[in-house]
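Below, each chain spelled out in residue letters.
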Amino acid sequence: SAVISQKPSRDICQRGTSLTIQCQVDSQVTMMFWYRQQPGQSLTLIATANQGSEATYESGFVIDKFPISRPNLTFSTLTVSNMSPEDSSIYLCSVIQGFGTEAFFGQGTRLTVV
Amino acid sequence: AQSVAQPEDQVNVAEGNPLTVKCTYSVSGNPYLFWYVQYPNRGLQFLLKYITGDNLVKGSYGFEAEFNKSQTSFHLKKPSALVSDSALYFCAVRDGGNRKLIWGLGTSLAVNP
């Protein structure tokens, strides 16, 4: 299975600022995803990070608010822009390797906006 | 539309007893089914999957799940629960042609000593 390093693990940010979350994988992966999860609740897919092109966003999520980069097959970033307290959540990076079927997850970034 | 249902928000079981966490699904094509576990303040860990073949699949930590096509279910089971199994469990599904997972709402499992 892939080893996924997600940074930072947690942060407390002021409203109106931006935070960039990094996801580094120890091997090349086919698919990378970004999720949001409220503690104790289910996962909501934000977007699929596409290598070398614009991310594919789910309904309710837009590029201006959640810009995503994926410059190569092992790295992606998610930025949470112009943050408000409603953005307080856990953000998770997920990958699928090659022809494999199961997804693997980073440890998550716990974001608190004050 | 694809969907996953976990009908129980919480399951309580005594240590040493068998446990079952329920999951039903709806997909248009052949289902790929998954179970994940999340311990407090941790990311999700893959437990097991059903893609094809034997309806009973075995996974990590002694867990198993049975795929039932007629009932569109994929219940997670363990013969003897441990206190350390207490966690949040998620069922997920996708059809074979789509890499995007559809997630259940999760079931909180509490194993009492």
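In what follows, the structure referred to is the one given above.
Residues numbered from 1 in each chain as written. Chains lettered and ligands numbered in written order. Predicted model: local features only at pLDDT ≥ 70, side-chain atom pairs only at ≥ 80, totals over all residues. Heavy atoms only, no water.

Description of the nonpolar core
Then, number 1: Counting 47 residues, the largest nonpolar core has Trp34, Tyr35, Val95 and Phe105 of chain A together with Tyr36 and Trp103 of chain B as the members making the most contacts within it.
Then, number 2: The element best represented in this core is strand 9 (residues 89–96) of chain A, accounting for six residues.
Then, number 3: Once residues lying within four places of it in the same chain are set aside, the contact partners of Phe105 of chain A are Ile4, Tyr35, Leu43, Leu92, Cys93 and Ser94 of chain A together with Tyr36, Leu44 and Trp103 of chain B. (Core = buried A, V, L, I, M, F, W, Y, C linked by side-chain atoms within 4.5 Å. Buried < 20%, exposed > 50% of the residue type's maximum accessible area, 1.4 Å probe, protein only. Helix = DSSP H or I, 4+ residues; strand = E, 2+ residues; numbered from the N terminus. Contact = heavy atoms within 4.5 Å.)

Re the state of the cysteines
Then, number 1: Summed over all chains, the structure comprises two disulfides over all chains.
Then, number 2: Here Cys23 of chain B pairs with Cys91 of chain B through a disulfide, and the sulfurs are 2.0 Å apart. Between Cys23 of chain B and Cys91 of chain B, the disulfide has an S-S torsion of -65° and is therefore left-handed. Pair noted here: Cys23 of chain B is in the loop between strand 3 (19–21) and strand 4 (24–26) and Cys91 of chain B is in strand 10 (residues 87–95), with a separation of 68 residues, a long-range link.
Then, number 3: We note that Cys13 of chain A lacks a disulfide partner, and the nearest cysteine sulfur, in Cys23 of chain A, lies 18 Å from it. (Disulfide = S-S within 2.5 Å.)

Quick look at the sheet that holds strand 8 (residues 75–80) of chain A
Residues and elements named next belong to chain A.
Then, number 1: Overall, antiparallel pairing links the four strands, which are arranged 1-3-8-7 in an open sheet. Across the chains shown, the open sheet's two edge strands, defined by having one partner strand only, are strand 1 (4–7) and strand 7 (68–72). Averaged over all adjacent pairs, the angle separating strand axes in this sheet is 15°, with direction ignored.
Then, number 2: Looking at chain direction, strand 1 and strand 3 (residues 19–25) are connected through four bridges and run antiparallel. Pairing of Lys7 across the sheet is with Gln22, part of strand 3. (Pairing = 2+ DSSP bridges. Axes fitted to C-alpha atoms, helices over the stretch in contact; angles between N-to-C directions.)

Notes on the packing of aromatic side chains
To describe a pair of aromatic rings, you give the distance between the ring centres and the angle between the ring planes.
Then, number 1: Taken as a whole and judged by the stated rule, the model has 12 aromatic pairs over all chains.
Then, number 2: Ring geometry for Phe105 of chain A against Trp103 of chain B: centres 5.7 Å apart, planes inclined by 75°, an arrangement best described as edge-to-face. With one member in each of two chains, Phe105 of chain A in strand 10 (residues 103–105) and Trp103 of chain B in strand 11 (residues 102–103) form a pair that bridges those chains.
Then, number 3: Phe105 of chain A gets classed as buried once you look at its relative accessible area, which sits at 8%.
Then, number 4: Classification of Trp103 of chain B as buried rests on a relative accessible area of 9%.
Then, number 5: Clustering of aromatic rings is evident, with ring pairs tying together Tyr35, Phe104 and Phe105 of chain A together with Tyr36, Phe46, Phe90 and Trp103 of chain B. (Phe/Tyr/Trp six-rings, centres within 6.5 Å; stacked < 30°, edge-to-face > 60°.)

A word on the interface of chain A and chain B
Then, number 1: The partner chain B presents 20 residues to the 24 residues of chain A that form the contact.
Then, number 2: Where chain A abuts chain B, roughly 1700 Å² becomes buried across the two surfaces, and 53% of that area is made up of carbon and sulfur atoms.
Then, number 3: On the surface where chain A and chain B come into contact, there are two salt bridges.
Then, number 4: Glu102 of chain A is the partner of Lys49 of chain B in a salt bridge, and the nearest nitrogen-oxygen pair spans 2.7 Å.
Then, number 5: Connecting chain A to chain B are 10 residue pairs in polar contact (both at pLDDT 80 or more).
Then, number 6: If you list the elements that add at least two residues to the side of chain A that touches chain B, you get strand 4 (31–37), strand 5 (43–49), strand 9 and strand 10 of chain A.
Then, number 7: Per-class residue counts for the side of chain A that touches chain B are 11 nonpolar, 10 polar and three charged. (Buried area = accessible area lost by both parts, 1.4 Å probe. Salt bridge = Lys/Arg side-chain N within 4 Å of Asp/Glu carboxyl O. Polar contact = N/O pair within 3.5 Å; in protein donor to acceptor, adjacent residues only side chain to side chain. Nonpolar A, V, L, I, M, F, W, Y, C, P; charged D, E, K, R; others polar.)

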